[in-house]
4 protein chains.
Amino acid sequence: MQALSLSLASRIVDLALEKARAIDCKPLTVAVLDTGGHLLVLKREDGSGILRPQIAIAKAWGVLGMGLGGRTLAERATAAPAFFSALGDISGGRMAPVPGGVLLRDGGGNLLGSVGISGDTSDTDETCAVFAIESSGLKADPG
Amino acid sequence: MQALSLSLASRIVDLALEKARAIDCKPLTVAVLDTGGHLLVLKREDGSGILRPQIAIAKAWGVLGMGLGGRTLAERATAAPAFFSALGDISGGRMAPVPGGVLLRDGGGNLLGSVGISGDTSDTDETCAVFAIESSGLKADPG
Amino acid sequence: MQALSLSLASRIVDLALEKARAIDCKPLTVAVLDTGGHLLVLKREDGSGILRPQIAIAKAWGVLGMGLGGRTLAERATAAPAFFSALGDISGGRMAPVPGGVLLRDGGGNLLGSVGISGDTSDTDETCAVFAIESSGLKADPG
Amino acid sequence: MQALSLSLASRIVDLALEKARAIDCKPLTVAVLDTGGHLLVLKREDGSGILRPQIAIAKAWGVLGMGLGGRTLAERATAAPAFFSALGDISGGRMAPVPGGVLLRDGGGNLLGSVGISGDTSDTDETCAVFAIESSGLKADPG
């Protein structure tokens, strides 16, 4: 298992922000976490709201916590709201079960960490995350 | 009332993981708590998500907290979501009201502790817990 | 970087408890965490106090949090009590800066996780942790 | 008052890490916050401990919280430990009163934000922060 380097994590964040500017989306915050759920890199664009870092981190943390991408978590949260409300408490508020939290894997499918983006619609956030991960040569697992 | 020994609790965890491998389910985390809700044994399989220990413990803690198995808690949470949301706060995030939290009793019905399993579907988690408890000669009360 | 398997983590816990019984120390709780600070295995011996799981986990978590063994953390906490009081708050109560928290490395010095033991004196707790790690063929870094 | 842009905040983080490698210090985590105490950029070097993000943020947050640099906070914490213990609670664990938290000002002395660094000794952490701020054309106020 290859560890996710700061250099690669930084590249993913910068690629996500390049995409965000190319498609002219709202100001984003982008976080990359290692497999243990610990922050490697975060950047918040000018004008991105003050809760965006926590939301981006929670999108990235939740997918690691459950081992499932944000799109799957969102479907399950709709189907089982009481359990996901409990998961919010169990995790100490570290889960945001919506698209925009994407698992990061190497070519062999091994988990390397996750990306979380917040600022525009969840679908657009996810688009930027998937673009950045795949442009960096890794595999995106949005769930 | 017989107390639940480390030796017996360990046996239950190992039986649950043997069952998990026999039916080829997703990587599980298995926790056994004593009657006071305190952890005796926990094992997390390779690849089981980083929130799984807290979820397994919360499944096991919740059934002790209310004196009802996880299946009953899940039904009640569906019927009374606001109350279970309050219970999440009241318990400090220690309740996961879903199947996979199972009360552990001796032959006379005395409470010895509980088992919580997380990683696959709640039904499969519960199957592994019930199998392990009954294979160890105790009685499973899944609610 | 090799990940720490459940099988190896379980072996370390069992070796620590064998040592504990061989030297007849007080009932111990032993925890092994992965590099992200997440629980892999915990066992609490019969008669080990109900706060021991949290203490053992906090010993193991603190050494990962700072990248320094528990013995070094204890010295620093004595020299800089205000900072370590702040670290208790910053970490949300996840640090126990005393001997008995030991970093776990492979032969090449790569971090694999940590062991935390609580129940007897901190020195004895550390003795059992170091014994277990080295008997399993890994390197103990008690700080 | 000029707001601190993502571009300038990123430049400060990168300059701090260049300095860290030039003087060969331990793996650092560097955070830059805006005047509201909200994260703009964070980078954690390979091998920097898992609590380092929270510590770097807390160093940067504490200097904004009190309007005093980390060096002054450290002196006051030594003189008034009970008060700083209370501040830890009051702030919800967001203060690390040690050198390495540095206020960031423009040429006219206006506050623009803060930098927090953790990983080596507090003095070395502060050296990297001051270097980065001054190399970027701003004024460092380490307290």
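Rules used throughout
- Residues numbered from 1 in each chain as written.
- Chains lettered and ligands numbered in written order.
- Predicted model: local features only at pLDDT ≥ 70, side-chain atom pairs only at ≥ 80, totals over all residues.
- Heavy atoms only, no water.
- Least-squares fit on C-alpha atoms with pLDDT ≥ 70 in both.
- Contact = heavy atoms within 4.5 Å.
- Buried area = accessible area lost by both parts, 1.4 Å probe.
- Salt bridge = Lys/Arg side-chain N within 4 Å of Asp/Glu carboxyl O.
- Polar contact = N/O pair within 3.5 Å; in protein donor to acceptor, adjacent residues only side chain to side chain.
- Helix = DSSP H or I, 4+ residues; strand = E, 2+ residues; numbered from the N terminus.
- Nonpolar A, V, L, I, M, F, W, Y, C, P; charged D, E, K, R; others polar.
- Pairing = 2+ DSSP bridges.
- Buried < 20%, exposed > 50% of the residue type's maximum accessible area, 1.4 Å probe, protein only.
- Axes fitted to C-alpha atoms, helices over the stretch in contact; angles between N-to-C directions.
- Expected span 1.5 Å × (residues − 1).
- Parallel < 35°, antiparallel > 145°, perpendicular 65-115°, else oblique.
- Left-handed = near helix turned anticlockwise from the far one by under 90°.
- 1 Å grid on protein atoms, 1.4 Å probe; cavity = no way out; pocket = protein on both sides within 12 Å on 5 of 7 lines; lining within 4 Å.
- Points joined across faces, edges and corners; volume = space filled by probe spheres on them.

Looking at an unreviewed UniProt entry, one finds chain A named GlcG protein and attributed to Caballeronia mineralivorans PML1(12).

Draft legend 1. View of the relation of the copies chain B and chain C. With an RMSD of 0.1 Å, the fit of chain B onto chain C corresponds to turning through 180° and sliding 0.0 Å along the axis. When the rotation and shift are considered jointly, the pair of chain copies conforms to a two-fold rotation axis. Measuring from the rotation axis to each C-alpha of chain B, the shortest distance belongs to leucine 42 of chain B, at 2.5 Å. Interface overlap between copies: 100% of the residues of chain B at the interface are likewise at the interface in chain C, consistent with a symmetric, same-surface contact.

Draft legend 2. Quick peek at the interface of chain A and chain D. Contacts between chain A and chain D engage 17 residues on the former and 17 residues on the latter. Summed over both sides, the interface of chain A with chain D buries roughly 1,500 Å², with 54% coming from carbon and sulfur. On inspection of chain A and its partner chain D, the count reaches two salt bridges. Notably, a salt bridge pairs aspartate 34 of chain D with arginine 44 of chain A, separated by 2.8 Å at the nearest N-O pair. For the pair chain A and chain D, the interface holds 13 residue pairs in polar contact (both at pLDDT 80 or more). Residue assignment for the side of chain A that touches chain D shows that the elements contributing at least two residues are helix 1 (6-22) and strand 2 (39-44) of chain A. When residues in the side of chain A that touches chain D are grouped by element, the largest group, six residues, is from strand 2 of chain A. Along the lines of polarity and charge, the residues of the side of chain A that touches chain D split into nine nonpolar, three polar and five charged. In this sheet, strand 2 (residues 39-44) of chain D lies alongside strand 2 of chain A in antiparallel orientation, the contact comprising three bridges. Across the sheet, leucine 42 of chain A pairs through a bridge with leucine 42 of chain D, a residue of strand 2 of chain D.

Draft legend 3. Region of the structure containing the pairing of strand 1 (residues 29-34) of chain A. All names here are of chain A. Strand 1 sits mainly inside the fold: six of its six residues count as buried. Burial along strand 1 is two-sided: the residues Thr29, Ala31 and Leu33 and Val30, Val32 and Asp34 are all buried. Examined bridge by bridge, strand 1 and strand 4 (residues 111-118) share six bridges and lie antiparallel to one another. Looking across to strand 4, one finds that valine 30 is bridged to isoleucine 117. As paired strands, strand 1 and strand 2 are joined by five bridges and run antiparallel to one another.

Draft legend 4. Layout of the interface of chain B and chain C. Taken residue by residue, the interface counts 17 residues in chain B and 17 residues in chain C. Where chain B abuts chain C, roughly 1,500 Å² becomes buried across the two surfaces, and 54% of that area is made up of carbon and sulfur atoms. By the criterion of area lost to chain C, the three top residues of chain B are Leu6, Leu39 and Arg44 of chain B, representing 36% of everything that side buries. Along the contact surface separating chain B from chain C lie two salt bridges. Per-element accounting of the side of chain B that touches chain C gives the leading share, six residues, to strand 2 (residues 39-44) of chain B. For the side of chain B that touches chain C, a count of residues per class yields nine nonpolar, three polar and five charged.

Draft legend 5. Spatial organisation of the sheet that holds strand 4 (residues 111-118) of chain B. Spatial ordering of the open sheet is given by 5(B)-3(B)-4(B)-1(B)-2(B)-2(C)-1(C)-4(C)-3(C)-5(C), a layout of ten strands whose pairing is antiparallel. Two strands bound the open sheet, and with one partner strand each, they are strand 5 (139-141) of chain B together with strand 5 (139-141) of chain C. Averaged over all pairs of adjacent strands, the angle between their axes in this sheet comes to 20°, without regard to strand direction.

Draft legend 6. Inspection of helix 1 of chain A at higher detail. With 17 residues, helix 1 of chain A should reach 24 Å at 1.5 Å per residue; the first-to-last C-alpha distance of 24 Å fits that figure. Within helix 1 of chain A the residues assigned to the buried category are Leu6, Leu8, Ala9, Ser10, Ile12, Val13, Leu15, Ala16, Leu17, Lys19 and Ala20 of chain A.

Draft legend 7. Inspection of the packing of helix 1 (residues 6-22) of chain B against helix 5 (residues 122-135) of chain B at higher detail. Residue and element names in this part refer to chain B. Across the interface, helix 1 lies against helix 5 with an axial gap of 8 Å and an inter-helix angle of 130°. As judged from the angle between their axes, helix 1 and helix 5 are oblique. As helix 1 runs across helix 5, the sense of the crossing is right-handed. For the pair formed by helix 1 and helix 5, the contact residues are Arg11, Ile12, Leu15, Ala16, Lys19 and Ala20 on the first element and Thr127, Cys128, Phe131, Ala132, Ile133 and Ser135 on the second. A class-by-class count of the residues in the contact of helix 1 with helix 5 yields eight nonpolar, two polar and two charged.

Draft legend 8. Region of interest: the relation of the copies chain A and chain D. Once chain A has been moved 0.1 Å along the axis and rotated by 180°, it coincides with chain D to within an RMSD of 0.1 Å. The residues that chain A uses at the interface reappear at the interface of chain D in 100% of cases, marking a shared surface.

Draft legend 9. Inspection of the layout of surface pockets at higher detail. Taken as a whole, the second largest pocket spans an internal volume of roughly 1,000 Å³. Around the second largest pocket, the lining comprises 45 residues; the ones closest to its centre are Gly67 of chain C together with Gly47, Ser48, Gly49 and Ile50 of chain D. Mapped by element, the contributors of at least two residues to the lining of the second largest pocket are helix 2 (52-66), helix 3 (70-79), helix 4 (81-90) and strand 3 (101-105) of chain C together with helix 2 (52-66) and helix 5 (122-135) of chain D. Considered class by class, the residues forming the lining of the second largest pocket number 20 nonpolar, 14 polar and eleven charged.

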